[in-house]
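# Reading the structure
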Amino acid sequence: MKLQFQYDIQKDIENYKKASQSVNNKKPTKMQALYMAEYGESFEDQKLEAFITKYTAGQKLNLSSETERIENAWQPIERGFLKKVESIFGIPSPLDYVRVFLTTDTRCSYSIENGYFFVSVSRPFQNKTIMHELLHFWTWWMFHQEVESGRMTKECHNDVKESLTELLNIEFQDLLDGARDDGYPQHKEMRAMAGKVWIETRDIKQTFEALAKLCPIDKQDSPL
């Protein structure tokens, strides 16, 4: 699998709209707040295009250069990351490539179904974001049957996949360049369990199952 990096303002617009509906953090990002102060609370394509164009011009952001910079920073660690993540999950990527779109927002959405995710030009440690999002991909590829069968709700899967990114702090420290993946405050307990069970078992299935048991009862009930 290879990552393909690019900037597309229409995809940037899409990310703002999706990221403003985040289930993990309802608070607007700094960029979303700047948009809302000028254009209101409705995230509309034309307004977002005007906002992004004005922002990038004002910041003298060269998105082509930023794309090249982020890609060049990722290349040296790509092989090491993929080798390790495939070993942890026991499966290779089912995709030949995943697209990485740059966004001017500081919150990044993704689409596993369509094989792409976003990375922010406005935040440091882009490699951490890339690894974080790819862990979500592998978690879905490995455990999607749990959701699709009704054994696990989407809400529970969200909590578990976010908590599993604790593995970055354990297994990928050599690739993080001093960064840490702290996740969301509401997942603190589950992240601690993820680290504990993983260190004890080195078994991703056991770790996943242990986290699923921590989901609130109402989230474990089958939606069917």
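The structure this text deals with has already been given above.
Residues numbered from 1 in each chain as written. Predicted model: local features only at pLDDT ≥ 70, side-chain atom pairs only at ≥ 80, totals over all residues. Heavy atoms only, no water.

Across its full length, the protein holds 11 helices and 4 strands. Computed over C-alpha atoms, the radius of gyration of the protein comes to 18 Å, within 12% of the 17 Å expected from 2.2 N^0.38 for 224 residues, which places it in the range of a compact globule. Structurally, the protein occupies a C-alpha span of about 50 × 40 × 30 Å along its principal axes. Counting over 224 residues, the protein shows a buried share of 48%. In the protein, the share of contacts with a sequence separation of at least 24, taken over all contacts with a separation of at least 6, comes to 69%. Entry remark: accessible area of the protein is about 11,700 Å², with carbon and sulfur atoms responsible for 49%. (Helix = DSSP H or I, 4+ residues; strand = E, 2+ residues; numbered from the N terminus. Rg over C-alpha atoms; globule rule 2.2 N^0.38 Å. Buried < 20%, exposed > 50% of the residue type's maximum accessible area, 1.4 Å probe, protein only. Contact = heavy atoms within 4.5 Å. Areas by Shrake-Rupley, 256 points an atom, 1.4 Å probe, with all protein chains shown as cover.)

Two side chains that carry opposite charge are able to pair once their charged atoms sit near each other. Under the criterion given, the structure shown has 14 salt bridges. A salt bridge links Glu44 to Lys47; its shortest N-O distance comes to 3.8 Å. For Glu44, a relative accessible area of 34% gives the class partly exposed. Connected via shared salt-bridge partners are Glu166, Asp181 and Arg191. (Salt bridge = Lys/Arg side-chain N within 4 Å of Asp/Glu carboxyl O.)

To continue, consider the nonpolar core. Trp74, Phe81, Ile130, Met131 and Val160 are the most contacted members of the largest nonpolar core, which has 45 residues in total. Residue contacts for Ile130: discarding those within four places in its chain leaves Leu3, Phe5, Ile70, Trp74, Phe117 and Val119. Counting residues in each nonpolar core, the second largest holds 9 residues, with Ile13, Leu48, Ile52 and Tyr55 among its members. (Core = buried A, V, L, I, M, F, W, Y, C linked by side-chain atoms within 4.5 Å.)

It is worth spelling out helix H5 (residues 126-148) at this point. If you check H5, its first and last C-alpha atoms are 31 Å apart, about what 23 residues at 1.5 Å a residue would give, namely 33 Å. Maximum bend of H5: about 60°, positioned at Met142. Across the 23 residues of H5, 17 count as buried, placing the element largely inside the fold. Within two residues after H5, Gly150 carries a phi angle of roughly 90°, on the positive side. (Expected span 1.5 Å × (residues − 1). Bend = angle between axes of the 7 residues up to and from the residue.)

By themselves, these observations are geometric and do not establish any function.
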